[in-house]
Amino acid sequence: MKETVVDVKNVRKVYGKKNENQYEALKDVSFDVKKGDFVGIMGPSGSGKTTLLNVLSTLDTTTSGSIKIAGKDITHLTSDQLSDFRAKELGFIFQDFNLLENLTMYENIALPLSLQDVPSKQIKPKVEKIAETLDITRILHHYPAEVSGGQKQRVAAARALVHEPAILLGDEPTGALDSKNAKSLLESMKGLNEDFDVSILLVTHDAYSASYCKRILFIQDGEIFKEIHRTDTREAFYQEILDVLASFGTKE
Ligand SMILES: Nc1ncnc2c1ncn2[C@@H]1O[C@H](COP(=O)(O)OP(=O)(O)OP(=O)(O)O)[C@@H](O)[C@H]1O
Ligand SMILES: [Mg+2]
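Fair warning: this is a prediction, and the values are worked out from it, not measured in the lab.

Thresholds applied
Residues numbered from 1 in each chain as written. Chains lettered and ligands numbered in written order. Predicted model: local features only at pLDDT ≥ 70, side-chain atom pairs only at ≥ 80, totals over all residues. Heavy atoms only, no water. Helix = DSSP H or I, 4+ residues; strand = E, 2+ residues; numbered from the N terminus. Buried < 20%, exposed > 50% of the residue type's maximum accessible area, 1.4 Å probe, protein only. Contact = heavy atoms within 4.5 Å. Areas by Shrake-Rupley, 256 points an atom, 1.4 Å probe, with all protein chains shown as cover. Lys, Arg positive; Asp, Glu negative; His and termini not counted. Charge placed at Lys NZ, Arg CZ, Asp CG, Glu CD. Near = heavy atom within 4 Å. Polar contact = N/O pair within 3.5 Å; in protein donor to acceptor, adjacent residues only side chain to side chain. UniProt positions renumbered as here; feature names shortened; annotations may be inferred. Pairing = 2+ DSSP bridges.

Caption draft 1: Here's a closer look at the overall build of the protein chain. Within the protein chain one finds eight helices and ten strands. Its C-alpha atoms put the protein chain at 50 × 45 × 40 Å along the principal axes. Expressed as a percentage of the 252 residues in the protein chain, the buried residues total 48%. Restricting to contacts in the protein chain with at least 6 residues of sequence separation, those with at least 24 account for 68%. Split by element, the accessible area of the protein chain, about 12,500 Å² in all, is 47% carbon and sulfur. Looking at charge distribution, the protein chain has the averaged site of its 31 positive side-chain charges lying 2 Å from that of its 37 negative ones.

Encoded structure:
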């Protein structure tokens, strides 16, 4: 049995203060992610996907329930403990890359380690290894303005993984890419998942991106209403995802 890297139990999130207009964006959400899993979160606009990702990534707090990541309950940490936890255990990959324009790709990837005061001697082999895995060695000394969108996104993935986080969290990571670059990023993520057992949780609207996952949780009105597992080819899984989306009238 593989270890549990994320354990979400009975999580609720209510926006708004008491006596104000309150909105329950997450209602009793529970699931777990095992080491080496590749989980997709899908659901219509306003269903609670970003809210879920924000509480998982410790950017926002839950109203009740517990979230354990790498064995640690993150719902009762101080803000100093949280930033330390984020720096060590979480990797993020966003739609708009978030690369710093005046740093080279190498410096961008090294950032999570430099911020943790890892000595530069130890940083170099780590950056070189992840760069090789993601096929961006050639552009390490270029600046973000000098490379393609897909290469930028792979650098963002390298930066999210260089410190070997417990889990990689992605919010529409292929959203800003054309189909060729999206495919190449998804193939890279698949490789990291299969070859290095990297645990990934991905929020996406896109059935094609979701078809790379091993398991998909569908969320609607703040609740998980369906879960499917990939058992066959990616093409068959893609069709199954489209069928689920169509059956709930949530295709978008
Ligand atoms: N800060 C907030 N205050 C009040 N309500 C909020 C806040 N943030 C989100 N909501 C509400 O919570 C619900 C879930 O929002 P969330 O952003 O999680 O949806 P989503 O699934 O990510 O949607 P999309 O696909 O459009 O990004 C929505 O009804 C939204 O209006
Ligand atoms: Mg969202």
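Next comes the rest of the description.
Caption draft 2: Region of interest: the side chain of Thr174. With respect to the element layout, Thr174 can be found in the loop between β7 (167-171) and α6 (179-196). The class of Thr174 is buried, set by a relative accessible area of 8%. If we ignore the near neighbours within four places in the chain, the residues touching Thr174 are Ala182, Leu185, Leu186 and Ser209.

Caption draft 3: Fine view of unusual backbone geometry. Positive phi is not limited to glycine here, since Ala70 has a value of about 50 degrees. Positionally, Ala70 belongs in the loop between β4 (64-69) and β5 (72-73). Residues other than glycine seldom take positive phi values, yet Glu164 does so here, at roughly 50 degrees. Looking at the element boundaries, Glu164 is found in the loop between α5 (149-161) and β7. Classification of Glu164 as exposed rests on a relative accessible area of 58%.

Caption draft 4: How the structure looks around the site of ligand 1. Looking at ligand 1, the residues that line it are Tyr15, Tyr23, Ala25, Pro44, Ser45, Gly46, Ser47, Gly48, Lys49, Thr50, Thr51 and His205. Contact between ligand 1 and Gly46: an oxygen atom at 2.8 Å from a main-chain N or O atom of the residue. Between His205 and ligand 1, the recorded distance is 3.1 Å, taken from a side-chain N or O atom to an oxygen atom. Surface burial for ligand 1 is 58%, taken as the share of its 640 Å² of free accessible area covered by protein chains. For the shell around ligand 1, the secondary structure elements donating two or more residues are β2 (23-34) and α1 (49-56). Considering each element in turn, the shell around ligand 1 owes the most residues, three residues, to α1.

Caption draft 5: Highlighting the UniProt feature "domain: ABC transporter" (unreviewed entry) in the protein chain. The sites that carry the UniProt feature "domain: ABC transporter" (unreviewed entry) are, in the present numbering, residues 6-246. Split by type, residues 6-246 is 38% helix and 25% strand. Its first and last C-alpha atoms lie 29 Å apart.

Caption draft 6: Structural context of the environment of Asn54. Turning to its location among the elements, Asn54 is positioned in helix α1. Look at Asn54 and you get partly exposed, because its relative accessible area is 24%. Remark: the alpha-carbon pair of Asn54 and Asn181, spanning 127 residues in sequence, is separated by 26 Å. Ignoring sequence-local partners within four residues, the contact set of Asn54 consists of Leu59 and Asp60.

Caption draft 7: The sheet that holds β5, seen in detail. Spatially, the four strands line up as an open sheet ordered β2-β1-β4-β5, and their pairing is antiparallel. Either end of the sheet is taken by a strand with one partner, and the two such strands are β2 and β5. By the bridge criterion, five bridges tie strand β1 (residues 4-15) to β4 in an arrangement that is antiparallel. Looking at the pairing, Val8 lines up with Ile67 of β4.

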